[in-house]
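Next come the chains, spelled out residue by residue.
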Amino acid sequence: MRKTAMLLSASALGSAAAPVLAQEVTFKPIIDARLRYEMVEQDGPLPLVKDREANAVTMRMRAGGELSKGPFAFLAEAEGTLAINEDYNSGVNGKALYPIVPDPETVEVNRVQLQYRTKPLIVTLGRQRINLDDQRFVGSVAWRQNEQTFDALRVEYMGVKNLKVDVTYAISARTIWGIDGGKFGSINRPTNIDGDNVFANISYKTPFGTLTGFAYLVDQDEAVPALLRNSSQTYGARFAGAVPISGKVKLSYLASYARQSDYAKNPVDYAADFATAELGLEVAAFKLTAGYELLGSDQNATGIAGGFAFQTPFATLHKFNGWADKFLTTPGTGLQDQYAGIAYTVPEIGKAGPLVASFTFHRLSSDRQSIHYGDEYNAQVTLKINKHLSALVKYADYNRQGIASFAGDADTRKFWAQIDYAL
């Protein structure tokens, strides 16, 4: 009886131990899909062409997985974008008579990375997604169907209380232009941009917010003048935080300043300033926001006529200066953005929610020459349908002022409707 009981006990222990051993190596699948309709209307000083309206229906899928054991993890992810309706200029498909919608068809490896992660230290090696702070200088451009990733080594250290050191060395940026980048005369839109890039952040949390010092060394080592001119060294600081005023009222704030100058093989000798400040006030379901951003211009820059302005080529640019994407490259005369917005949140609608509706106004002008580029109105509604599904509808209306103030200037209206699925 005793021997039988021992065997039964051993069998039970073995059965209990099996799942434990199986859990030593875990697999997490990745499925991320988006169906989007984007419409663009343009009119203005550009020469008349056959088609002035773009209609893009695109489907993007990311699929892969992550294997992890203890502090080590390996992730691999593929990405593909299909143009269901390609009545638009993707930037690399040669359809220059249409307005641009930068979502080209592509199939590629999006991420392949090896990671070591513990509480005080994370090290990531390989093709990876990098989003720093509010993505004003370095981001994954997640709004576009094909996101931007980097071939890089990134080290994040959190071993000291309230302090984080984040340093990345990147040898290549995989752009949003996909596998056809550089084709059909789009040499300024390559598949990847090589170089020796360094992104360094050191941040410290205080009771009132997070103070961050940063240095971004951008080296675009491509034999294309427009890309070489993006090589820069930027040094600055940022402070962001929020404080409760009462039970349903909260004040948030942001301030940042940076100085940028030429770097590496940049043929332009210049120096320009960046500054931004923003206040937000949350009152129950409402949030009011007002802010100012300056991308300064060096009117005396050598090597280029008309001045040269502060550039952020690795940023998630769609987040800034209006959704019409008129200022993805800062005009030589610089850019000032004065903006104000209001948002309203409904936490639940039946079993769905939250629903967020927002409206923002931008007044856009030059740095020093007092040129009023135009005004832009942005409106958006987002709804979280369930754990995996979300929907978005948004609209942008840019109204230029006076004569054309920079290349490609035109009255522009954009509309988006999309469904996102994430596992």
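Residues numbered from 1 in each chain as written. Predicted model: local features only at pLDDT ≥ 70, side-chain atom pairs only at ≥ 80, totals over all residues. Heavy atoms only, no water.

As for the environment of Val243
Summarising the element assignment, Val243 is placed in strand β10 (residues 232–246). Each C-alpha atom of the pair Val243 and Ile193 lies 41 Å from the other, and the pair is 50 residues apart in sequence. Setting aside chain neighbours within four positions, we find Val243 in contact with Lys250, Leu251 and Tyr253. (Helix = DSSP H or I, 4+ residues; strand = E, 2+ residues; numbered from the N terminus. Contact = heavy atoms within 4.5 Å.)

Focus on the pairing of strand β3 (residues 72–87)
The pairing of strand β2 (residues 53–69) with β3 spans 15 bridges and is classified as antiparallel. The residue of β3 that forms the bridge with Arg60 is Thr81. What sits between β2 and β3 in their antiparallel hairpin is a turn of two residues, with Gly70 showing a positive phi close to 60°. (Pairing = 2+ DSSP bridges.)

With respect to empty space enclosed by the protein
Gaps left between atoms are located by rolling a probe of water-molecule size over the structure's atoms. This model, assessed by the stated rule, comprises three cavities of 30 Å³ or more. Taken together, Phe137, Val138, Tyr216, Val218, Ser232, Thr234, Gln260, Gln311, Thr312, Pro313 and Phe314 make up the full set of residues lining the largest cavity. Counting only elements with at least two residues in the lining of the largest cavity, the list comes to β9 (209–218) and β10. Grouping the constituent residues of the lining of the largest cavity by class yields six nonpolar, five polar and no charged. In this model, the second largest cavity occupies a volume close to 50 Å³. If you go around the second largest cavity, the residues you meet are Leu132, Asp133, Asp134, Arg136, Phe137, Phe214, Tyr216, Arg238, Ser256 and Phe274. (1 Å grid on protein atoms, 1.4 Å probe; cavity = no way out; pocket = protein on both sides within 12 Å on 5 of 7 lines; lining within 4 Å. Points joined across faces, edges and corners; volume = space filled by probe spheres on them. Nonpolar A, V, L, I, M, F, W, Y, C, P; charged D, E, K, R; others polar.)

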